[in-house]
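These are the residues of each chain, in order.
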Amino acid sequence: MEKKKVIILGAGISGLSAAWYLSQISSSLDILILEKSNRIGGLFHTDHTTGFHFEKGPRTFKINRCPVTLQLAEELGLLREIIWSGNLPRNRYLWWNEKLHKFPTNVISFLWSPLTKGFIKALITEWKHPAKKGDETVWEFVIRRFNYDVAQRLFDPMVVGIFGGDPRLISIRALFPILKEWEEKYGSITKGFLKDWLQKKKEPKRSPYLPDAPLSAMFSFREGVEQLTSALLAKISASIYYQHEAQEIVQTEKKVVVKTNQGEFTADYVFCALPALQAGNLFIKEMPSLRKELISLKSEGIIILNFGYKENVLPIEGFGYLTPHCTRENILGVVFDSSIFRQHNKHPQETRLTIKLKDLGQSEEEAKQIALLSIRRHLKISIQPDVISFKRALSAIPQYTVGHLERMESLYPEFQQKIPRCYLLGNYRIGVSVDCCIRCSKETVQNWHKSCLTTF
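Thresholds applied
- Residues numbered from 1 in each chain as written.
- Predicted model: local features only at pLDDT ≥ 70, side-chain atom pairs only at ≥ 80, totals over all residues.
- Heavy atoms only, no water.
- Helix = DSSP H or I, 4+ residues; strand = E, 2+ residues; numbered from the N terminus.
- Rg over C-alpha atoms; globule rule 2.2 N^0.38 Å.
- Contact = heavy atoms within 4.5 Å.
- Areas by Shrake-Rupley, 256 points an atom, 1.4 Å probe, with all protein chains shown as cover.
- Lys, Arg positive; Asp, Glu negative; His and termini not counted.
- Charge placed at Lys NZ, Arg CZ, Asp CG, Glu CD.
- Patch = residues over 30% accessible without salt bridge, like charges linked within 9 Å, V, L, I, M, F, W, Y side chains within 5 Å.
- Salt bridge = Lys/Arg side-chain N within 4 Å of Asp/Glu carboxyl O.
- Phe/Tyr/Trp six-rings, centres within 6.5 Å; stacked < 30°, edge-to-face > 60°.
- Buried < 20%, exposed > 50% of the residue type's maximum accessible area, 1.4 Å probe, protein only.
- Pairing = 2+ DSSP bridges.
- Axes fitted to C-alpha atoms, helices over the stretch in contact; angles between N-to-C directions.
- Parallel < 35°, antiparallel > 145°, perpendicular 65-115°, else oblique.
- Nonpolar A, V, L, I, M, F, W, Y, C, P; charged D, E, K, R; others polar.
- Right-handed = clockwise from strand over helix to strand, strands pointing away.

Draft legend 1. The overall build of the protein chain, seen in detail. Helix and strand counts for the protein chain stand at 16 helices and 20 strands. Scaling as 2.2 N^0.38, a compact globule of 456 residues should have a C-alpha radius of gyration of about 23 Å, and the protein chain matches this with 23 Å. Each principal axis of the C-alpha atoms in the protein chain carries an extent, and together these give about 70 × 55 × 45 Å. A fraction of 72% describes how many contacts in the protein chain between residues 6 or more apart in sequence connect residues 24 or more apart. Surface exposure of the protein chain reaches about 21,400 Å², of which carbon and sulfur atoms provide 53%. When the 62 positive and 47 negative side-chain charges of the protein chain are each reduced to one mean point, those points stand 5 Å apart.

Draft legend 2. Structural detail: a nonpolar patch on the surface. A cluster of nonpolar side chains, contributed by Val 107, Ile 108, Leu 111, Trp 112, Ile 120, Leu 123 and Ile 124, occupies part of the molecular surface with about 760 Å² of accessible area. Here the element with the most residues in the nonpolar patch is helix H3 (residues 107-112); it accounts for four residues.

Draft legend 3. The packing of aromatic side chains, seen in detail. Overall, the coordinates contain 15 aromatic pairs when judged by the stated rule. Where Tyr 269 meets Trp 448, the ring centres are 5.5 Å apart and the plane angle is 80°; that geometry is what we call edge-to-face. Here Trp 448 lies in helix H16 (residues 434-451) and Tyr 269 lies in strand S14 (residues 269-272), a separation of 179 residues in the sequence. Per residue, the accessibility class of Tyr 269 equals that of Trp 448, and both read buried.

Draft legend 4. View of the sheet that holds strand S20 (residues 422-424). Strand order in the open sheet formed by five strands is S10-S2-S1-S14-S20, and the pairing between neighbours is parallel. On the outer flanks of this sheet lie strand S10 (238-242) and S20, each paired with one strand and no other. In this sheet, neighbouring strand axes are inclined to one another by 20° on average, regardless of whether the strands run parallel or antiparallel. Of the strand pairs in this sheet, strand S1 (residues 4-9) and S14 are connected by four bridges, and their pairing is parallel.

Draft legend 5. Representation of the sheet that holds strand S8 (residues 99-102) in the model. Strand order in the open sheet formed by seven strands is S8-S7-S16-S17-S18-S15-S19, and the pairing between neighbours is mixed. Each having just a single partner strand, S8 and strand S19 (387-398) make up the two edges of the open sheet. This sheet shows a mean twist of 25° between the axes of neighbouring strands, independent of strand direction. Where strand S15 (residues 299-309) lies against S19, nine bridges are found, and the strand directions are antiparallel. Opposite Ile 304, over in S19, you have Lys 391 as the bridge partner. Those strands touched by helix H6 (residues 148-163) are strand S7 (92-96), strand S16 (320-322) and S19, and its axis lies near 110° from that of S7. Those strands touched by helix H14 (residues 364-379) are S7, S8, S15, S16, strand S17 (333-336), strand S18 (351-358) and S19, and its axis lies near 65° from that of S15.

Draft legend 6. Geometry of the pattern of salt bridges. Summed over all chains, the structure comprises 28 salt bridges. When the shortest N-O distance is used, the salt bridge between Arg 153 and Asp 149 registers 2.7 Å. Taken together, the residues span about one helical turn, with Arg 153 and Asp 149 both in helix H6 at a distance of four residues. Judged by its relative accessible area of 7%, Arg 153 falls in the buried class.

Draft legend 7. Local environment of the packing of helix H8 (residues 177-186) against helix H9 (residues 189-201). Axis separation between H8 and H9 bottoms out at 8 Å; the angle between their running directions is 105°. When the axes of H8 and H9 are compared, the pair comes out roughly perpendicular. Between H8 and H9, the contacting residues are Leu 179, Trp 182, Glu 183 and Tyr 186 on the first element and Ile 189, Lys 191, Gly 192, Phe 193, Lys 195 and Asp 196 on the second. Per-class residue counts for the contact of H8 with H9 are five nonpolar, one polar and four charged.

Draft legend 8. Representation of the pairing of S1 within the structure. Sheet analysis places S1 next to strand S2 (residues 29-35), joined by six bridges and oriented parallel. Residue pairing across strands places Val 6 opposite Ile 31, the latter belonging to S2. Each parallel crossover has a hand, and the one from S1 via helix H1 (residues 13-25) to S2 is right-handed.

Set out below in structure tokens:
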């Protein structure tokens, strides 16, 4: 039987995991991956070239929020390569009123922390506010259900940490769907939280994949997050063409033609794992409504600066700190990498920091000076790093505006009907997290297989 040919556009985590799931379904597939850069992994990028372990993209996974990632790691034989954090990263900080404040970790600290002043009244009166149907911004939701203090000092920094964005623009359904679900189901966030807490007390306290680690622990891999994409590349049966940028897709009755900057490729099916803007421009003719949604989806660019010191220069330990919008700081926050995974440290007393900035067009030198001045003010670190590493991640994080998920859910069936030989993957489909990207690839491949069962 002639092999079916499948083209995957993009060799990031979405494209590589799709190739893995396709290869597990059938050996009668000829899989070709077209990647516009000269490397795999996309935003997954672990750098060992400086004498320090630097992550330039995703760096941590939380056990209870990454079931699909853990399952994939098991399938790839990577569970023995997983490392997990201790309790130290529980300490998280916020830059507020010109000082670093530790987020409360228990009831006593919650009652006395300056960060939670004004929270208690908001929590005990939250159930009095009427529920509201439909999507809205995170800011609108929190102001409506709690108050300004909770929005500014709790949710604003969380949105900065997850999306690198503005809670006044980001959808509550996209970022905190469980909160909206509790409101609509119980009429109260606090009531929903209590019911969820009681339910979780009955559930297992350990993951079946990492039984020695608590569900709240964070994990990575011994060689860094890029070990996951490297393992995928080693295990899949696929050909990869680098520096091939897809420029046009033409669908015929029985085939799909992908035109790149270097040639044409014909396949039976195409899985597009490109960023939203590129994907939207590929399908401009067949489905302008989808193109409009994808090209209007703003994505924030992030500048990542890794600082490496051969000595311990941190005055505090923990996960790191964030800066809310109202502080008008020039950085988004700092991650204390050497505290989270000591297993990655190369020197006995080293410090590794990752400083993130919103990409506003700063030069590399400007970004370095901003980062150095910021940690001098915030952490009192005036010593020059032994190593500084710079990366600009263009359009890294899609900003899910109000109604985006609903629009995608509505548009995708129409897309499948009009372009039945093409499938969409990526961080704009169902969520921005790594686990969401892998789950999207897995579910899309499974749905494709169901629709093609007669051919295998």
